[in-house]
Amino acid sequence: EISGPTIVCAQAGNVNTGAIDPLDAICDAAGESGAWVHVDGAFGMWAAASPALRHLTRGIERADSWATDAHKWLNVPYDSGLVFCAHPDTHRAAMGTQASYLVQSEGTERDELNWNPEASRRARGFPVYAAIRSLGRSGIADLVDRCCAYARGFAEALAREPGVEVLNDVDLNQVLVRFLDAGGDHDARTRAVVKAVQEDGTCWLGGTTWQGKAAMRISVSNWSTTTDDVDRSVAAILRAASA
Ligand SMILES: Cc1ncc(COP(=O)(O)O)c(C=O)c1O
């Protein structure tokens, strides 16, 4: 039982694993108590563009609001955050700005300052529109599917090596890798391998801690990544791990 305004924040694309929350079930539970459901889909919401992955986002259309970033998987410049809200009156009431010196449009024309937190902003919509227009529906699906296939390629190649563990289910574009240490200090060894790969410079990937374990976090999201990049990166990681 809840009292007062309540918001449930679900995630489409966990920053470590890429996992997408069960959005249908979350919307069922929230609907019973009248809670607002917001989906943080900073990168993972782009999976909805792929016919092969769309099922992971089932129920997302029932949420009250979504946020995603075009500067992540769509590969446009920072800072192209996108918000979608199913309740335009609520959205406008929260964001609308009135002042005697501000000129409001007449009729149906939309004033941007009534829909976002900034009055002055550059034309972020332009590169977003251009990327979507040039890639089209199939181009975006292809970008997403390609990155996910490369992530699975990383996971398969690394998991074959003794002493290397892939920790997550690779449903999307994220791979968490752990390097086992003969002396038992797997965290220290994993962090040392991450540092060595960063110093090597063939590719860049970060470290993280997931479920209490240190891990290498591989995130494949660039449109220009090729099979050759993946092969060279796997080789660089294994070189660092065997040093
Ligand atoms: C799942 C998720 N939510 C939110 C953010 C924050 O995005 P931004 O830096 O564009 O505000 C990130 C960025 O890494 C993310 O991966």
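Presented here is an overview of the structure given in this document. Just so we're clear, the structure is a prediction, and the values are computed from it rather than from any experiment.

**A few points about the state of the cysteines**
Counted by the stated rule, this structure contains 0 disulfides. Of the cysteine sulfurs around Cys 9, a residue in no disulfide, the closest is that of Cys 27, at 12 Å.

**Concerning the site of the ligand**
The environment of the ligand is made up of Gln 11, Gly 13, Val 15, Asp 40, Ala 42, Phe 43, Asp 69, His 71 and Lys 72. In the environment of the ligand, an oxygen atom lies 3.0 Å from a nitrogen or oxygen atom belonging to the side chain of Lys 72. For the ligand, the protein covers 54% of the area, taking 400 Å² as the surface of the free molecule. Here the residues of the shell around the ligand are counted per class, giving 3 nonpolar, 3 polar and 3 charged.

**Here we look at the packing of helix H3 (residues 125-159) against helix H5 (residues 227-242)**
Two elements in contact, H3 and H5, have axes whose closest approach is 10 Å; the angle formed by their N-to-C orientations is 30°. Crossing of H3 over H5 shows right-handed handedness. Contact with H3, carried on its side by Tyr 150, Phe 154, Ala 157 and Leu 158, involves Thr 227, Val 230, Ser 233, Val 234, Ile 237 and Leu 238 of H5 and no other residues of that element. Here the contact of H3 with H5 is composed, by residue class, of 8 nonpolar, 2 polar and no charged.

**Let's talk about the packing of aromatic side chains**
Applying the stated criterion across every chain yields a total of 1 aromatic pair. Summarising the aromatic geometry, the rings of Trp 66 and Phe 84 are spaced 5.5 Å apart at their centres and angled 55° between planes, so their arrangement reads as tilted. On the criterion of sequence distance, the pair formed by Trp 66 in strand S3 (residues 65-69) and Phe 84 in strand S4 (residues 81-85) is long-range, its members being 18 residues apart. A relative accessible area of 24% means that Trp 66 is categorised as partly exposed. With relative accessibility at 38%, the residue Phe 84 sits in the partly exposed group.

Thresholds, definitions, all that
- Residues numbered from 1 in each chain as written.
- Predicted model: local features only at pLDDT ≥ 70, side-chain atom pairs only at ≥ 80, totals over all residues.
- Heavy atoms only, no water.
- Disulfide = S-S within 2.5 Å.
- Near = heavy atom within 4 Å.
- Polar contact = N/O pair within 3.5 Å; in protein donor to acceptor, adjacent residues only side chain to side chain.
- Areas by Shrake-Rupley, 256 points an atom, 1.4 Å probe, with all protein chains shown as cover.
- Nonpolar A, V, L, I, M, F, W, Y, C, P; charged D, E, K, R; others polar.
- Axes fitted to C-alpha atoms, helices over the stretch in contact; angles between N-to-C directions.
- Helix = DSSP H or I, 4+ residues; strand = E, 2+ residues; numbered from the N terminus.
- Left-handed = near helix turned anticlockwise from the far one by under 90°.
- Contact = heavy atoms within 4.5 Å.
- Phe/Tyr/Trp six-rings, centres within 6.5 Å; stacked < 30°, edge-to-face > 60°.
- Buried < 20%, exposed > 50% of the residue type's maximum accessible area, 1.4 Å probe, protein only.

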